[in-house]
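# Overview (structure and organization)
These are the residues of each chain, in order.
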Amino acid sequence: MTNDKKKIIIGNWKMNLNMQDASLYLQRLSELIKIRRDVEVILAPTTLTLQSLSLQVNLRQFKLASQNFYWRDHGSYTGEVSATQLRGIVQYGLVGHSERRHIFCESDKDICNKVAAAIRNHIRPVLCIGETAWERSNGETYDILQDQLIGGLANITSDELSQVVIAYEPVWAVGTGQNALPTYVSAAAKAIRGQIEHLYGSAAAKSIQVLYGGSVTIDSAADYLSLPELDGLLIGGASLNAHSFSEIIKKAHKGSSTGEKD
Ligand code: PEP
């Protein structure tokens, strides 16, 4: 269904790696990975290191993403960084990551404003959605996905939707070592496309890029990447090691079934 689209692999470093470590990591990863037209590799370091990495990175090889930003463009918002300030430095921005929603109490309203701010500043938003363990055990997964999609995309037109990437990240799977089964992810990705079809039509449902994130490792990556409903992965822990991350990227390459060697 979506096999002709580019795969996306995002490494979310969360609050790890200082400037020197980030620079060394980038150097190492660029030695391990060939430039591939069928895979978009995106690194999401801390805001602190973004600018220096943007000067070091070869954009034909890797793109950069912010992990977070504030939705207003400028003003008296002490401690915040805006999408306007990130413009030209990053090509993507994570929005509504479960750690932002649940630790920093971001609401659907904040998230919807951030999606719009990213698009207005020519940054592709990666809208993260997913249910908690409690919501899952109460059979609410699809309602949550629907609510978070409707909430996050509230201000987004059909034209703008082409800029949006959706990451399905069940909260119970993020950073826990408890990854969701591929059949479960496949059903969730279908539900997400079904909701996009309802909101924006069938062409949008087919073309939107849907990723999975949640405790993916070198060993589990290929099973997700073979799902026709999925366009890639959002990786946290396993992206912190350049070797592991490069092995996952190789599995996303079209010619690879088990991990092509460069
Ligand atoms: C994430 O940070 O989005 C993530 C999926 O983390 P992990 O791979 O560590 O679960």
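Because the structure is a prediction, the values reported are computed rather than measured. (Residues numbered from 1 in each chain as written. Predicted model: local features only at pLDDT ≥ 70, side-chain atom pairs only at ≥ 80, totals over all residues. Heavy atoms only, no water.)

### Details of the overall build of the protein chain
Across its full length, the protein chain carries 12 helices and 8 strands. Computed over the C-alpha atoms, the radius of gyration of the protein chain is 17 Å, within 12% of the 18 Å expected from 2.2 N^0.38 for a compact globule of 262 residues. Along the first, second and third principal axes, the C-alpha atoms of the protein chain reach 50 × 45 × 35 Å. Sequence separation of at least 24 residues holds for 73% of the intrachain contacts in the protein chain that already meet a minimum separation of 6. Within the structure as shown, the protein chain displays about 11,800 Å² of accessible surface, and the carbon and sulfur contribution to it stands at 51%. Averaging the locations of the 26 positively and 27 negatively charged side chains of the protein chain gives two centres separated by 6 Å. (Helix = DSSP H or I, 4+ residues; strand = E, 2+ residues; numbered from the N terminus. Rg over C-alpha atoms; globule rule 2.2 N^0.38 Å. Contact = heavy atoms within 4.5 Å. Areas by Shrake-Rupley, 256 points an atom, 1.4 Å probe, with all protein chains shown as cover. Lys, Arg positive; Asp, Glu negative; His and termini not counted. Charge placed at Lys NZ, Arg CZ, Asp CG, Glu CD.)

### Some remarks on the packing of aromatic side chains
Taken as a whole and assessed by the stated rule, the structure comprises 6 aromatic pairs. Between Y70 and W71 the ring centres are 5.7 Å apart and the planes differ by 50°, which places this aromatic pair in the tilted class. Ring geometry for W172 versus Y184: centroids 5.8 Å apart, planes at 70°, classification edge-to-face. With W172 in the loop between β6 (165-168) and α9 (182-200) and Y184 in helix α9, the pair connects residues that are 12 residues apart, well separated along the chain. Taking the relative accessible area as the measure of exposure, W172 reaches 8% and is therefore buried. Overall, the relative accessible area of 23% leaves Y184 in the partly exposed class. Put simply, the rings of Y70, W71 and Y77 pair up and form one aromatic cluster. When the ring centre of F104 is taken as reference, the NZ or CZ atom of R100 above it lies at 4.3 Å. Over the aromatic face of Y184 sits the side chain of R136, whose NZ or CZ is 4.9 Å from the ring centroid. (Phe/Tyr/Trp six-rings, centres within 6.5 Å; stacked < 30°, edge-to-face > 60°. Buried < 20%, exposed > 50% of the residue type's maximum accessible area, 1.4 Å probe, protein only. Lys NZ or Arg CZ within 6 Å of the ring centre and 35° of its normal.)

### Notes on the layout of surface pockets
Reported here for the largest pocket is a volume of approximately 510 Å³. Taken together, 18 residues form the lining of the largest pocket, with M15, Q67, N68, R100 and F104 sitting closest to its centre. By residue class, the composition of the lining of the largest pocket is 7 nonpolar, 7 polar and 4 charged. (1 Å grid on protein atoms, 1.4 Å probe; cavity = no way out; pocket = protein on both sides within 12 Å on 5 of 7 lines; lining within 4 Å. Points joined across faces, edges and corners; volume = space filled by probe spheres on them. Nonpolar A, V, L, I, M, F, W, Y, C, P; charged D, E, K, R; others polar.)

### Notes on the confidence of the model for the protein chain
Here the protein chain shows a mean pLDDT of 94. Residues at 70 or above account for 95%. Counted against residues more than four places away or in other chains, residues 257-262, with its pLDDT under 50, gives 13 contacts. (pLDDT = per-residue confidence, 0-100.)

### Some thoughts on the pattern of salt bridges
A complete count under the given rule lists 11 salt bridges for this structure. The shortest N-O distance in the salt bridge between R100 and E106 comes to 3.0 Å. The exposure class assigned to R100 is partly exposed, which follows from its relative accessible area of 22%. On the basis of relative accessibility, which here comes to 11%, the residue E106 falls in the buried class. Its salt-bridge partner being D231, residue R193 comes within 2.7 Å of it at the nearest N-O pair. One end of the pair, R193, is in helix α9; the other, D231, is in the loop between α11 (218-225) and β8 (232-235), with 38 residues separating them in the sequence. The same class applies to R193 and to D231, which are both buried. (Salt bridge = Lys/Arg side-chain N within 4 Å of Asp/Glu carboxyl O.)

### Examining empty space enclosed by the protein
In the structure shown here, the tally under the stated rule is 1 cavity of 30 Å³ or more. Estimated volume of the largest cavity: approximately 30 Å³. Broken down by secondary-structure element, the contributors of at least two residues to the lining of the largest cavity are α4 (98-102) and β5 (124-129). No other element matches the 3 residues that α4 contributes to the lining of the largest cavity.

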